[in-house]
Amino acid sequence: MTTDTRALTRGDCSRKWGRTMKLATLLFYGFALGLVAVGLREVLTGFEEDRCSMTYMFQYPEFRRVPLPHRVARRYPAYGLYLYGEGAYAQETRELQLFGAPVIFLHGNSGSYKQVRSLGSVALRKAESAQGGLHFNVFTVDFNEELVALYGGSLRRQTLFLHESIKAILKLYKHLKTPPQSVVLVGHSMGGLVARALFTLPNFNASLVRLIITQATPHLAPVLVLDHYLRDFYLSLRKKWVQQADELRNVTVLSIGGGHRDYQVRSGLISIPCSPGDPTKLSLVATAVPRTWVSTDHLSIVWCKELVLTTVRAFFDLIDPETRQFTDNQAKKSAVLNHHFVRHPARMLGDTQEASFPIQDAPEAWSEVNSLRLAYRAPKEVEVKYFTFALSSRRKADSHFYCRSNNLDMTSWVYGCVRQNGSSCVHTVDLSNGTELLPLYKVLTLSLSDLSSFTHVVVSAPNVSGKQFTLECEWQRQQSVALSLPVPHVLSLGLTVSEVTVSSSGLFHTIELKHFHEVYQAFRIHIASECKARKVGRSPSVFRMKVPWFFEDVFTTASVPSVAEISGMLHTNRPDNVSSVVLQLHTSPNCQYKVSVRLSLPKMLGQILRFFLPMVPVYTTVTLLLACGGQLSNICKTQRAASMSLVLYKGLQPHKVNLCVYILHILFSCSWLKSTWSLLCLPMMDVAPPIFPDVALDDDTTPCAEWPYLLHPLLYVIGAGVAFWGTVLLRLGVRLVSLILAVLHRSSISRDCGTLRLRTQLLITIFLTILGWKTCGAVPVMAAFALHLYRVLRLQMAERSLRHILNLAPQKHRKHSITEARECNSAPLLSECALWEVKDDLQLHLCLSALLTIPVILSAPSLVYWSRNLGYSTQLDPDPYWPYFVPLCVVYLRLINCNTQKLTNSKLLHPTSFLPLPVSVAMVIFCPMHLYRVTYFLLGALVPLALCCVL
């Protein structure tokens, strides 16, 4: 066999192996893309339909601008303060002569001050029927729709402007005999953080704000930390509200989350970091709010009529009738908020408990119930009915008395009664205060151990208005109505089902879902009901997934018989020493309920992305950085650059990265290492987001979440999939743009096309430095990246031109070039060797370009913020990219002239090729919750690479 034949055979084997590797790579990254697509689909669409009712304005809304002192208006030209009004009220307040109670609405990230319309309009409509002319003056602050969730540099400025606005508002009431001394703040999204940040100001009088209501506000931690200003803002809040909690005991804060429909701010983040057991700080999800019971997305939580009505009702109950302003009584504020947002007892707040009921009614109105259950349907005509239940005969056999009603208007309906010698009640006590309002029923459960001082329980069911209602009561034994059901393990992959059948004829049952307490768990819970006999008008069922450690309950109603489905997903992890999730079934009597629980892989992927999406960019960067390291290693060994798909495949090293992370995680659990690390003023590990309610994670503490070891490899695969398909789009974009550029630009066939002379680089660096100093640090970074991208486009054009020229060249010349492929220095300009050089440089710069895209993406929010505020200032202050945009620009410009020949001749190439792995490990440890640190670590890897092009 000749040498040429052996070479051709090796070439064929190499091509076959390359095609096999390419196919395996596509299959693997196609699988990763499928995981991302399924997870994102569940995050964006895998929830209940929007059941919120829209709020409408009955009259044209008007926004009256409130004048501010000249120094304030000059200092904050982009901000404004407005008074909301409609119709006659807007005309009455034209001169800003105000008599109501002040409420201020604060919009969130990229929000509008006009979002106050829902709250303001509903408050005006409610005031029309209020007694004594009580009403509110609803103000709104315009923060110029700033992107404060992505750029934290303006949060402090917004806080200072809010302080000035509060002082200006209170001055409008000086003409009143009893002017208000405080305002109520309603903050949406980041507006809630600005409200709490008032108390971090050194000269702020804490008595100016006594009540804050926040909607979908990430109190526990930011969704994304793209600059250190946002981190510092959260740290100052945490320091004030956790470490100095005693000073803020008189400030009541209610935080409301939207539920699973809100994919922008997950509801686990709405928990307020505070000291344990603080009754003035309350966090809950809208699905658990009485008379609301719906999940809202990030914007609809502002206009959702059910939630807005609940908020306005609470406002009217918070008014002191004497001062006609919001009460300062802390106990009353807590009672009102618990009444409307936590446990509605189906009575109006302030109703006095009736000490007795009219026992002089006719004897036929009284009925003594001797059976285990009462089922009563009121007739259409007016009728008065009282049902008595003897306690003496049930104390040993039963433990609880359960009663529920549908459409019964009475607020006081269950009483404790004391009888003597068979007489009528000589003493009664209203027991209705423990009533709980559910979507279809009001329910009361009494423990018999608490009724030892009574002889009977009396249920009042008068049909005074002739309105039909149902009443059902029964004796219960807790042991017989409480069941347990272990949920399937997460490794069951949805192949196993846990089932239990409730065949009792009772009205209420509980099923403890054992081992269901982690946020990455996700189940489909099916409840199928069947009845022995068909019955017209059978009571519907209400199913409640109750989470003991957080107010995130979910309600589902279903007719009987039917099949209902509940999405079993959590917003927070279970703290220690707390029971698992409980499924409460308010059932129809004489029916059978089959409950089945199956693991849902799509929903579990959705939960992982919902909680760990900020970690995906880190793993994407790690994949690109390891691919770059693999490219450098390949150049060092073979003096050739490999294709992007091959280096991405070889750069997939989750075993190396995650093994180091696990080892370091174990080491950082040692107290001596943690204390030593803190003495060096270095940040601690940052490997998981906060997932526990009411837990504040400091920047100097290790996250307390222990996650399965399979989670990080899964996130690695997802991040690698994003990196691979991102580079595919990059290559397609380069080819497309290069075709367009070829029409406007003359192509070159040299590997040095698009490079810059040293003097030109120096002048551009100086220009970009001045430009970044005068405008925004992201601007020169974008410009430097554009210059590097121009180099990639020129290489793509050169590669296409050389390929076309060689395809037209004589076969003799092409064979001659192949035989001399390894003697590139002596090869002619139009040769296969020249084509290989351009291809190698193109693959190298495509790999670099994908990596250089990461700082550009991270700097984009500050660039967008700067561009939207150009009308007020040409300089971004403060600038998160100052001053390290200078080394970024220098690195970008130096890498423009980089090629495989310079790297091959560099003495630093070999040690530099080993650098990406430790940098990647450091990224996974320190960057998941602080994405802005990614740029720091990238500079640590890119600076030595830039030096390889020089030394």
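This text goes with the structure placed above it.
Below: a short report on this structure. The structure presented is a predicted model; accordingly, all values stated were derived computationally and were not measured. (Residues numbered from 1 in each chain as written. Predicted model: local features only at pLDDT ≥ 70, side-chain atom pairs only at ≥ 80, totals over all residues. Heavy atoms only, no water.)

Okay, the side chain of Lys281 next. Relative to the helices and strands, Lys281 resides in strand β8 (residues 281–285). Within the structure, the side chain of Lys281 is placed 3.0 Å from the backbone oxygen of Val251, a separation counted as a polar contact. Within polar-contact distance, the side chain of Lys281 engages the side chain of Asp278 at 3.4 Å. Contact partners of Lys281, with chain neighbours within four places excluded, come to Trp241, Leu248, Val251, Val253, Ile272 and Cys274. (Helix = DSSP H or I, 4+ residues; strand = E, 2+ residues; numbered from the N terminus. Polar contact = N/O pair within 3.5 Å; in protein donor to acceptor, adjacent residues only side chain to side chain. Contact = heavy atoms within 4.5 Å.)

Turning our attention to the pairing of strand β18 (residues 442–447). Burial within β18 is extensive, with 5 of its 6 residues counted as buried. Sheet analysis places strand β14 (residues 400–406) next to β18, joined by 6 bridges and oriented antiparallel. Each bridged residue has a counterpart across the sheet, and for Ser405 the counterpart in β18 is Lys442. Relative to β18, strand β17 (residues 436–437) runs antiparallel, the two being bridged by 2 bridges. Residue Leu437 lies in a different strand from β18, and its bridge partner there is Lys442. Counted between consecutive antiparallel strands, the loop separating β17 from β18 contains 4 residues. (Buried < 20%, exposed > 50% of the residue type's maximum accessible area, 1.4 Å probe, protein only. Pairing = 2+ DSSP bridges.)

So, about the pattern of salt bridges. For the coordinates displayed, the defined rule picks out 24 salt bridges. For Lys546, the salt bridge is made with Asp553, and the minimal N-O distance between the two is 3.7 Å. The structure contains a network of salt bridges with shared partners spanning Arg343, Glu436, Arg544, Lys546 and Asp553. (Salt bridge = Lys/Arg side-chain N within 4 Å of Asp/Glu carboxyl O.)

Pairing is mixed in the open sheet, where 5 strands are placed in the order β11-β13-β19-β15-β16. Edge positions in the sheet fall to β11 (366–369) and β16 (427–430), since each has one partner strand and no second. On average, each strand axis in the sheet is inclined to that of its neighbour by 30°, with strand direction left out of account. For strand β15 (residues 414–418) and strand β19 (residues 456–460), the ladder comprises 4 bridges, and the chain directions are antiparallel. When the sheet's bridge partners are listed, Cys417 is paired in β19 with His456. (Axes fitted to C-alpha atoms, helices over the stretch in contact; angles between N-to-C directions.)

A few words now on the environment of Pro462. Structurally, Pro462 can be placed in the loop between β19 and β20 (470–476). On the accessibility criterion, Pro462 (12% relative accessible area) is buried. In the structure, Pro462 is positioned 140 residues away from Pro602 in sequence and 51 Å away in space, judged by C-alpha atoms.

Our focus in this paragraph is a nonpolar patch on the surface. Side chains of Leu762, Ile766, Ile770, Trp773 and Trp882 sit close together on the surface and give an oily, nonpolar patch of about 530 Å² of accessible area. On the accessibility criterion, Ile770 (45% relative accessible area) is partly exposed. (Patch = residues over 30% accessible without salt bridge, like charges linked within 9 Å, V, L, I, M, F, W, Y side chains within 5 Å. Areas by Shrake-Rupley, 256 points an atom, 1.4 Å probe, with all protein chains shown as cover.)

It is worth spelling out unusual backbone geometry at this point. Cis rather than trans, the peptide bond between Val560 and Pro561 has omega equal to -5°. Examined against the element boundaries, Pro561 turns out to sit in the loop between β26 (554–558) and β27 (562–569). Omega for the peptide link from Trp882 to Pro883 comes to 5°, which places this bond in the cis form. On the secondary structure map, Pro883 appears in the loop between α21 (832–868) and α22 (885–896). Residue Ser189 is not a glycine yet carries a positive backbone phi of 55°. With respect to the helices and strands, Ser189 occurs in the loop between β5 (183–188) and α6 (190–197). In this structure Ser189 comes out as buried when scored by relative accessible area, which is 4%. Although it is not a glycine, Asn590 sits at a positive phi angle of roughly 60°. Within the secondary structure, Asn590 sits in the loop between β28 (581–586) and β29 (591–599).

Formed by 137 residues in total, the largest nonpolar core has its most connected members in Ile525 and Leu903. Sort the elements by how many residues they give to this core and α21 lands first, with 14 residues. Once residues within four sequence positions are removed from consideration, Ile525 is found in contact with Leu513, Met545, Ala564, Glu565, Ile566, Gly568, Leu583, Val595, Ser596 and Val597. Membership of the second largest hydrophobic core comes to 92 residues, among which are Ala78, Leu83, Leu170 and Leu337. (Core = buried A, V, L, I, M, F, W, Y, C linked by side-chain atoms within 4.5 Å.)

Right, let's get into the sheet that holds β29. Strand order in the open sheet formed by 4 strands is β22-β29-β24-β27, with antiparallel pairing between adjacent strands. The sheet is open, and its two borders are formed by β22 (497–502) and β27, each paired with just one other strand. Between one strand axis and the next, the sheet turns by 15° as a mean value, whatever way the strands run. Alignment of strand β24 (residues 522–531) against β27, held across 8 bridges, turns out to be antiparallel. Counted as the bridge partner of Ala522 is Met569 from β27. Sheet contacts for helix α12 (residues 601–612): β24, β27 and β29; angle to β24, the most-contacted strand, approximately 140°.

Turning our eyes to something else, we now look at the packing of α22 against helix α26 (residues 933–948). Contact pair α22 / α26: the axes reach a minimum separation of 10 Å and the direction vectors enclose 40°. In terms of their interaxial angle, α22 and α26 are classed as oblique. By crossing handedness, the relation of α22 to α26 is classed as left-handed. Between α22 and α26, the residues in contact are Pro887, Leu888, Val891, Arg894 and Leu895 and Thr935, Leu939, Leu942, Val943, Leu945 and Ala946, respectively. Grouping the constituent residues of the contact of α22 with α26 by class yields 9 nonpolar, 1 polar and 1 charged. (Parallel < 35°, antiparallel > 145°, perpendicular 65-115°, else oblique. Left-handed = near helix turned anticlockwise from the far one by under 90°. Nonpolar A, V, L, I, M, F, W, Y, C, P; charged D, E, K, R; others polar.)

This part is about the state of the cysteines. Following the criterion strictly, the structure yields 4 disulfides and no others. The side chain of Cys52 participates in a disulfide bridge whose partner is Cys304; the two sulfur atoms lie 2.2 Å from each other. A torsion of -90° about the S-S bond marks the disulfide between Cys52 and Cys304 as left-handed. Pair noted here: Cys52 is in the loop between α1 (3–45) and β1 (61–65) and Cys304 is in the loop between α8 (300–303) and α9 (305–317), with a separation of 252 residues, a long-range link. (Disulfide = S-S within 2.5 Å.)

Let us look at the packing of aromatic side chains. The relative placement of two aromatic rings is captured by the distance of their centres and the angle of their planes. Scanning all chains against the criterion turns up 34 aromatic pairs. Judged by centre distance (5.5 Å) and plane angle (65°), the ring pair of Tyr76 and Phe161 falls under edge-to-face. Of this pair, Tyr76 sits in the loop between α2 (70–75) and β2 (80–86) while Phe161 sits in helix α5 (residues 155–171), and the two are 85 residues apart along the sequence. For Phe161, a relative accessible area of 0% translates into the label buried. Ring geometry for Phe516 and Phe523: centres 5.1 Å apart, planes at 85°, overall edge-to-face. Across the pair, Phe523 and Phe516 agree in class, each one buried. (Phe/Tyr/Trp six-rings, centres within 6.5 Å; stacked < 30°, edge-to-face > 60°.)

Note on placement: Gln761 falls in helix α18 (residues 758–774). Taking the C-alpha atoms as reference, Gln761 lies 58 Å from Leu599; in sequence the two are 162 residues apart.

For Asp278, the location among the structural elements is in the loop between β7 (252–257) and β8. Its relative accessible area of 7% is what places Asp278 among the buried residues. A polar side-chain atom of Asp278 sits 3.1 Å from a polar atom in the side chain of Arg249. At a separation of 2.7 Å, a polar atom in the side chain of Asp278 contacts the side chain of Thr280.

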